[in-house]
Amino acid sequence: MQYLQGILQTVKESNPNEPEFYQAVEEVISSLNHVVDGNNDFKKLGIIERLVEPERQIIFRVPWLDDNGNVHVNRGYRIEFSSTLGPFKGGLRFHPSVNLGVVKFLGFEQILKNALTGLPLGGAKGGADFDPKGKSDNEIMRFCQSFMTELYRHIGATTDVPAGDIGVGSREIGYLFGQYKRITNQFQGVLTGKPLLMGGSVLRAEATGYGIAYFLSAMLDAKNDSLKGKRCLVSGAGNVALHLMDKLSQCDAIVLTCSDSKGTLYCKDGLDVELVKHLKTEQGAELRDYLNTHAEAEFTPVNQYPSNGHKVWQYEADIALPCATQNEITKNDATSLVENGCLIVCEGANMPSTAEALTVFKKHKVYLGPSKAANAGGVATSQFEMAQNASMQTWRPEQVDEKLQQVMRTIFETVSATAKQYSHKDDLSLGANIAGFERVAEAMIKQGVV
């Protein structure tokens, strides 16, 4: 449609050198022809034009001292994209790759992801081009304190509630929360992912990984199938990947791979997930150290990866679960997955498949669980933490897990039913884009031009 193509062109021209943001917007807008046709209100009220423009973009300097007394300067971001459905909500990412385009793509995705949960949450994202790796605890604390010294004025329990993301775990959230409390003299649920002693929620660390497994189970249930015996390729070895692997093992699936910045670990008979978790979370070791006790496994270093691809996607398997970062599955990777018998891809990372990879999956009818639906368990449990903070209560693990399973099941049912409604059965990406958009758009219309 000419109208939607015009919006895409405007986005590209007004956001130069932000390919990730443009990719995210294009992927969503390409699904909206089915909705915009015959609905003049969307065009007349500029719904999509407003949706792709953040309500507020905050960029700031973050100076900090290292342990030798040297001054470093990083750039901090908070993109408050949409408060249509509730307070801004989305994580903070500390990683050298963070830039404006990356944060905007993440914030835009967060709008629809949060809408799909059915919970009262707006969409936002933030972070800094700071790398916590190789830094001491004191250096990370000083950086977090400097970051919050600017960020605090823009956030609040009913305004904007950040959480963690890549490079931001409970340690960083603890330092950020401590500085917020010191500056404002308020102990409130302004951050989620907090340590339990500071009002955090049980299962928050596990929630994204567990939620992916619950969404994947719902996908299989719809096909009268289950996770039992399924051979799974997982990328990443961070919080999301490790807890996903844990839940997959509990469901009797076979985890064949995982990966870190040094390379890919593979075992044809399945990895010892408990050992992988121990190496990464308790020892801070590399995945190659797994071979010290499991000589039958294989480790492929990054410098031996195939051209324009990732080794983790080169093995025979039933299911692929990308949990590392954006655009990690290339066209070549997607082709390899299809050739090796992969029938299902469930996205754990945000936008992990390139546009070309998605085209391959669609051509070969790969059953795809899109990230904005599949990895929504983290933000859902963040909202549970907000609810507990607001009521000054603590929920039991069983309560949180039950609510998480219910949310993920409802998300699947919503996106699946929406895809079917628009005559694209099993196209869960289209269903997620339309279902999320319709909920946000309806609220935007009711709230007027704001």
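Just so it is clear, the model here is predicted, and its values are computed rather than measured. (Residues numbered from 1 in each chain as written. Predicted model: local features only at pLDDT ≥ 70, side-chain atom pairs only at ≥ 80, totals over all residues. Heavy atoms only, no water.)

1. Considerations on the pattern of salt bridges
Next up, step 1: Going through the model one piece at a time under the given rule, you end up with 22 salt bridges.
Next up, step 2: A salt bridge links Asp 137 to Arg 171; the shortest N-O distance between them is 2.7 Å. Remark: Arg 171 occurs in helix H8 (residues 170–184) and Asp 137 occurs in helix H7 (residues 137–151); sequence separation between them is 34 residues.
Next up, step 3: When its relative accessible area of 35% is taken as the criterion, Arg 171 is described as partly exposed.
Next up, step 4: Measuring nitrogen to oxygen at the nearest pair gives 2.9 Å for the salt bridge that ties Asp 225 to Lys 230. (Salt bridge = Lys/Arg side-chain N within 4 Å of Asp/Glu carboxyl O. Helix = DSSP H or I, 4+ residues; strand = E, 2+ residues; numbered from the N terminus. Buried < 20%, exposed > 50% of the residue type's maximum accessible area, 1.4 Å probe, protein only.)

2. Observations regarding the nonpolar core
Next up, step 1: Membership of the largest hydrophobic core comes to 64 residues, with the highest contact counts inside it found for Phe 215, Leu 216, Leu 248 and Leu 321.
Next up, step 2: Ranked by residues supplied to this core, first place goes to helix H9 (residues 204–221) with ten residues.
Next up, step 3: Each residue touching Phe 215, except ones within four places of it in the same chain, is listed here: Cys 346, Gly 369, Ala 373, Ala 374, Met 408, Ile 411, Phe 412, Val 415 and Leu 428.
Next up, step 4: Leu 106, Phe 108, Met 351 and Tyr 422 belong to the second-largest nonpolar core, a separate cluster that totals 41 residues. (Core = buried A, V, L, I, M, F, W, Y, C linked by side-chain atoms within 4.5 Å. Contact = heavy atoms within 4.5 Å.)

3. Focus on helix H16 (residues 397–421)
Structural remark: α-helix, 3.6 residues per turn; residues separated by three or four positions point the same way.
Next up, step 1: With 25 residues, H16 ought to run about 36 Å at 1.5 Å a step, and its terminal C-alpha atoms sit 36 Å apart, in line with that.
Next up, step 2: Buried-residue contacts for H16 involve helix H6 (100–117), H9, strand S12 (367–369), helix H14 (371–374), helix H15 (377–391) and helix H17 (428–447).
Next up, step 3: Looking one or two places after H16, you find Ser 423, whose phi comes out positive at around 65°. (Expected span 1.5 Å × (residues − 1).)

4. Observations regarding a nonpolar patch on the surface
Next up, step 1: Together, Leu 45, Ile 445 and Val 449 give the surface a local cluster of nonpolar side chains, amounting to about 240 Å² of exposed area.
Next up, step 2: Among the secondary structure elements, Ile 445 is positioned in helix H17. (Patch = residues over 30% accessible without salt bridge, like charges linked within 9 Å, V, L, I, M, F, W, Y side chains within 5 Å. Areas by Shrake-Rupley, 256 points an atom, 1.4 Å probe, with all protein chains shown as cover.)

5. Some points on the environment of Pro 162
Next up, step 1: Topologically, Pro 162 is positioned in strand S5 (residues 160–164).
Next up, step 2: Overall, the relative accessible area of 0% leaves Pro 162 in the buried class.
Next up, step 3: Apart from residues lying up to four places away in sequence, Pro 162 is in contact with Arg 78, Lys 89, Gly 90, Leu 92, Leu 151, Ile 155, Val 190, Leu 191 and Thr 192.

6. A short note on the environment of His 72
Next up, step 1: Residue placement: His 72 occurs in strand S2 (residues 71–82).
Next up, step 2: A residue is classified by how much of its surface remains accessible, and His 72, at 31% relative accessible area, is partly exposed.
Next up, step 3: With sequence-adjacent residues up to four places away left out, His 72 is seen in contact with Val 62, Pro 63, Trp 64 and Asp 66.
Next up, step 4: Polar side-chain contacts of His 72 include one of 2.8 Å to the side chain of Asp 66. (Polar contact = N/O pair within 3.5 Å; in protein donor to acceptor, adjacent residues only side chain to side chain.)

Any functional reading would require information beyond the geometric quantities listed.
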